[in-house]
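Residue-level structure breakdown
Below are the chains, spelled out letter by letter.
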Amino acid sequence: MEKYLSQLNEAQYAPTVQKDGPMIIIAGAGSGKTRVLTYRIAYLMNQGVDAFNILALTFTNKAAKEMKGRIAEIVGASEAKNLWMGTFHSVFAKILRFEGHHLGYPSNFTIYDTQDSQKLMGSIIREMGLDKDLYKTKQVYSRISSYKNSLITVKAYFNNPELMEADAMARRPRMGEIYQAYVERCFKAGAMDFDDLLLRTNELLTRFPSVLAQYQDKFRYILVDEYQDTNHSQYLIVRALADRFQNICVVGDDAQSIYAFRGANISNILNFQKDYEDVKMYRLEQNYRSTKNIVGAANSVIEHNQTKLDKIVWTANVEGPKVQVHRSLTDGDEGRFVASAIWETKMTDHVPNSDFAILYRTNSQSRAMEEALRKRNIPYRIYGGLSFYQRKEIKDVTAYLRLILNPSDEEALKRVINYPARGIGQTTIDRLMVAANESGKTIFELLENIDSANININTGTKNKLKDFVTLIKSYQVMNQTANAFDLAEYVTKTSGLIKEFNKDNTPEGVTRLENVEELLNGIKDFVEGQMEIADSKDNLAEFLEDIALATDLDGDKGDPDHVALMTIHSSKGLEFSNVFIVGLEEDLFPSAMSMNTRSELEEERRLFYVALTRAEKKAYLTYALSRYRWGKLVDSEPSRFIEEIDDQFLDIITPIEERRINPMLSADIFGDTPPNKVRFKKPVQPKFKKKDKAKPVNFEISAPKKLKKASEIKAPAEANLFGGELTVGNRVKHLKFGRGEVLSIEGKGGDVKAEIDFEFGGKKKLLLRFAKLELIG
DNA sequence: TCTATATGAGTTTTT
DNA sequence: CTCATATAGA
């Protein structure tokens, strides 16, 4: 028990064992902040704090997963499960499921992803007859998103002349109307977008003091990782929840703030000491991760930022090799350099693939890297990128499921009403939308009574619409009794989706089918993990929520020994022996979109700082003289960030190609470009990002692929309680629903069910055979 | 009124 | 290159 504490140095020990009160830990890169956080949670639990009373918040799924794993190692998986730990969005989505009814939301509200939100805005802009070149959906979306993140409601917007003025100046005077229409339409659709999950939580906690009190009492100890990345909305939630007990511990590093683009506000961390009384401040400045050269290089870069806290990150580690800078001719060459460097290092040092990471600014850069790695037969895995759940075919299936659960979900309806084609065209949909807006009814409600509705639609189309309603209703009936897997399988078969995908015999089409199959497998695993809940009605809703907030279908399948490829954003919090930072070119990194203001540029610089400090032993910086963009070779120049590093930490390699540079020559002359232009061809399995493409032999379609979540739930066969051990009136604890009281017990043998009234989720009937309940005094 | 084809426009980063 | 929307054809 004490053993883990002895692994901490003095600076880390102090915050770890401060049990109560507000505290802030300013933690430099690699200074062991995650260790402090995880050990602190373990310490709290050892001090008798109930895991149910601890809330730990992170910003990305990746970070949440990382932290969960580490905590489970110390306190054990079963105890760790009782912690409320996850991203802000996922934790508050769960709370809103329970409490959303206060705000007029159905408990099975839909979560709109970016795509849904943007489509809705697009159609609002069109309906309002606005110029779509002036009102670009993406810009409108990010503008509205930033209002929401700053807690500027529609009402507040119209009361704020400055904001309205700013939008008018940007030639978008009707922004407020769009905002208003968007909010109304979301609400009517029973949908929340990502920002709503935070905004509505705030509304809930402000408008309903009893709800606030309940959660304040529950979350007696709150820990927030990466506090520098909180936006205003998140900040207020944390403050409200922590207000009663003031046991709040935030950890962050202003130098690693890289989410300003989604509203992160550095002043939250800078002003923390003003928000609470007697704040203890701790600083972790010793870097345990990286060599002197890497720390030195990173420090010399971040020096160029004006806005920063005084903090000296230092290390007692070895000097190590210098940071290597490498120039390539094209992005293809860059990939080949990286692949061969990895290969050579593996040969000489005998290290595993997992010692390497390739980090880039934009997701699209992964392609050149993938290709080169595949050629060298180096296994790799891409993290992030286009999420599995955002693929067209997956969204098609889930749109049906969403509609079954929540027929008001307008975006889902529009997606599937004519897919597969049923002869219901745009004109019909437009008329329906107009009628829906005028009547205040949802489209589905109109469709249910299409004969009596006063809409100009011909009889033939009306019949098609009726058929569609009948189809969806039949699914809804099935959903009453069938589990999510059986339903989803039935839907894909009977809606015509499978037939539609089957039409396409191209490799992409085949991949699509496989993806759908994989989705079904995922649902199956999820359902099996949920078997304890006797009324299976809810599990579809839960599955949909999970996937709405998940980015990666990250199981531990495939070879765990792979090179990691990811954006720098998603690499935060991770570390690797060898790190390649690629594409260090002006307009790419720093991004062309981020060079308008000093603060934008400084965020890019912090991003570079984050990238560099991921490396433990060796860092490589690469750039190319020209790069393919939209199929065209475009010239580029080296990033300013390379120049900003103090020379003493750098080892600038002048490649042999340097002497051969000649615009007359194409890359082929060097003989290192593959004879056929593979680059332009689609890889055979391009959609399967989560597989190790370097080993196509490994392509195990038939092997069941498990969603991490489900397999986690299933794996530990804990001692389940059976009827004999449980009686009416007992108090029990459940992983998800919290504490509860047993109301009744029914059934016999393996089918004993208990009805339990939980603090979160209300009354549930659980099958004791599966339910992992714990008796509490 | 719906469907297939051409054209054209846009690429940060995440929940 | 890869999406999303305009236009012609059925």
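Treat the numbers as computed from the prediction; the structure is a model and nothing was measured.

Tallying secondary structure elements over chain A gives 32 helices and 24 strands in all. Relative to its full complement of 777 residues, chain A shows a buried share of 54%. A fraction of 77% describes how many contacts in chain A between residues 6 or more apart in sequence connect residues 24 or more apart. Counting only carbon and sulfur atoms, one obtains 51% of the accessible surface of chain A, whose full area is about 33,300 Å².

Overall, the coordinates contain 44 salt bridges when judged by the stated rule. Residue glutamate 226 pairs with lysine 572 through a salt bridge whose shortest N-O separation is 3.4 Å. Taken as a pair, glutamate 226 in the loop between strand S6 (221–224) and helix H13 (232–242) and lysine 572 in the loop between helix H28 (568–571) and strand S15 (576–581) lie far apart in primary sequence, 346 residues in all. You can call lysine 572 buried: its relative accessible area is 9%. Ionic pairing is found between arginine 361 and glutamate 604, a salt bridge with its closest N-O pair at 2.6 Å. Highlighted residues: arginine 361 in the loop between strand S12 (356–360) and helix H18 (366–375) and glutamate 604 in helix H29 (residues 598–612), separated in sequence by 243 residues. Glutamate 604 matches arginine 361 in its accessibility class, with the two residues each being buried. Where salt bridges share partners, they join Lys148, Asp193, Asp196, Arg200, Glu203 and Arg207 into one cluster.

A word on the UniProt feature "binding site: ATP" (unreviewed entry) in chain A. Per the UniProt record, "binding site: ATP" (unreviewed entry) is annotated on Ala27, Gly28, Ala29, Gly30, Ser31, Gly32, Lys33 and Thr34. Glycine 30 gets classed as buried once you look at its relative accessible area, which sits at 13%. Not counting residues up to four positions away in its chain, the partners in contact with glycine 30 are Gln286, Asn287, Tyr288 and Arg289. Topologically, glycine 32 is positioned in the loop between strand S1 (23–27) and helix H2 (33–46).

Take the environment of isoleucine 41 next. Tracing the chain through its elements places isoleucine 41 in helix H2. In this structure the C-alpha to C-alpha distance between isoleucine 41 and leucine 223, which are 182 residues apart in sequence, comes to 8.6 Å. For isoleucine 41, the contacting residues outside a window of four places in its chain are Ile54, Ala56, Ile71, Leu83 and Leu223.

Right, let's get into the nonpolar core. Within the largest apolar cluster, 53 residues are counted, with the highest numbers of intra-cluster contacts made by Leu447 and Ile523. The element contributing the most residues to this core is helix H19 (residues 392–405), with eight residues. Not counting residues within four places of it along the chain, the set of residues in contact with leucine 447 comprises Leu413, Ile417, Leu432, Leu465, Phe468 and Val469. Ile24, Trp84, Phe92 and Ile269 belong to the second largest nonpolar core, which has 44 residues in total.

On to the UniProt feature "domain: UvrD-like helicase ATP-binding" (unreviewed entry) in chain A, then. Cross-referencing UniProt, the feature "domain: UvrD-like helicase ATP-binding" (unreviewed entry) maps to residues 6–291 in the present numbering. Here residues 6–291 is 52% helix and 13% strand, with 24 Å between the C-alpha atoms at its ends.

This paragraph deals with the packing of aromatic side chains. Here the structure, examined in full by the defined rule, presents 20 aromatic pairs. Residues tyrosine 105 and phenylalanine 109 carry aromatic rings whose centres are separated by 6.3 Å and whose planes lie at 70° to one another, so their mutual orientation is edge-to-face. Each of the two residues, tyrosine 105 as well as phenylalanine 109, counts as buried. A ring pair is formed by tyrosine 147 and tyrosine 179, whose centres lie 5.4 Å apart and whose planes are at 40°; its orientation type is tilted. With tyrosine 147 in helix H7 (residues 137–149) and tyrosine 179 in helix H10 (residues 175–188), the pair connects residues that are 32 residues apart, well separated along the chain. The residues tyrosine 147 and tyrosine 179 share a single accessibility class, namely buried. Through successive ring pairs, a cluster of aromatic residues spans Tyr147, Tyr157, Phe158 and Tyr179. Here the basic side chain of arginine 97 rests over the ring of phenylalanine 109, its NZ or CZ set 4.0 Å away from the ring centre.

Another aspect to go through is the sheet that holds strand S3 (residues 84–87). Here we have six strands laid out as an open sheet, ordered S3-S2-S6-S7-S1-S8, and parallel in their pairing. Strands with a single pairing partner mark the edges of an open sheet, and in this sheet they are S3 and strand S8 (280–284). Averaged over all pairs of adjacent strands, the angle between their axes in this sheet comes to 15°, without regard to strand direction. Inspection of the sheet shows S1 paired to strand S7 (residues 248–252) by four bridges, in the parallel sense. In the strand pairing of S7, isoleucine 25 is matched with valine 251.

As a further point, take the environment of glutamate 411. Within the secondary structure, glutamate 411 sits in helix H20 (residues 410–416). What makes glutamate 411 buried here is its relative accessible area of 6%. When the C-alpha atoms of glutamate 411 and aspartate 451 are compared, they prove to be 23 Å apart, with 40 residues separating the residues in sequence. Excluding its chain neighbours within four sequence positions, the residues that come into contact with glutamate 411 are Tyr112, Asp116, Lys119, Leu120 and Arg402.

The strand order across the open sheet formed by five strands is S23-S22-S21-S20-S24, and the pairing between neighbours is antiparallel. Every interior strand has two partners, whereas the edge strands, strand S23 (762–767) and strand S24 (773–776), have only one. Sheet twist, expressed as the average angle between the axes of neighbouring strands with direction ignored, equals 40°. Bridge count between strand S22 (residues 753–758) and S23: six bridges; the pairing is antiparallel. Along S23, the bridge assignment pairs lysine 753 with leucine 767.

The next thing to look at is the pairing of S6. Side chains Tyr221 and Leu223 project from S6 onto one buried face, and the interleaved Ile222 and Val224 project onto a second face that is buried too. When strand S2 (residues 54–58) meets S6, the two strands line up parallel, connected through four bridges. Counted as the bridge partner of leucine 57 is valine 224 from S6.

Before going further, it helps to spend a moment on the pairing of strand S17 (residues 626–629). Of the pairings in the sheet, the one linking S17 to strand S18 (residues 632–635) comprises four bridges and is antiparallel in character. Following the sheet pairing, tyrosine 628 is matched in S18 by leucine 633. The antiparallel pairing of S17 with S18 creates a hairpin that spans two residues between the two strands, and tryptophan 630 there sits at a positive phi of about 50°.

Let's shift gears to the side chain of threonine 110. Mapped onto the fold, threonine 110 is located in strand S4 (residues 110–112). Overall, the relative accessible area of 6% leaves threonine 110 in the buried class. Once residues lying within four places of it in the same chain are set aside, the contact partners of threonine 110 are Gly190, Ala191, Met192, Arg402, Asn406 and Asp409.

Attention shifts here to helix H3 (residues 61–75). In this model, H3 (15 residues) spans 21 Å end to end at C-alpha, consistent with the 21 Å of a helix rising 1.5 Å per residue. Contacts from the buried residues of H3 go to H2, S2, helix H4 (77–80) and S3. Positive phi shows up at glycine 76, right after H3, with a value of about 95°.

Reading guide: rules and limits
- Residues numbered from 1 in each chain as written.
- Chains lettered and ligands numbered in written order.
- Predicted model: local features only at pLDDT ≥ 70, side-chain atom pairs only at ≥ 80, totals over all residues.
- Heavy atoms only, no water.
- Helix = DSSP H or I, 4+ residues; strand = E, 2+ residues; numbered from the N terminus.
- Buried < 20%, exposed > 50% of the residue type's maximum accessible area, 1.4 Å probe, protein only.
- Contact = heavy atoms within 4.5 Å.
- Areas by Shrake-Rupley, 256 points an atom, 1.4 Å probe, with all protein chains shown as cover.
- Salt bridge = Lys/Arg side-chain N within 4 Å of Asp/Glu carboxyl O.
- UniProt positions renumbered as here; feature names shortened; annotations may be inferred.
- Core = buried A, V, L, I, M, F, W, Y, C linked by side-chain atoms within 4.5 Å.
- Phe/Tyr/Trp six-rings, centres within 6.5 Å; stacked < 30°, edge-to-face > 60°.
- Lys NZ or Arg CZ within 6 Å of the ring centre and 35° of its normal.
- Pairing = 2+ DSSP bridges.
- Axes fitted to C-alpha atoms, helices over the stretch in contact; angles between N-to-C directions.
- Expected span 1.5 Å × (residues − 1).

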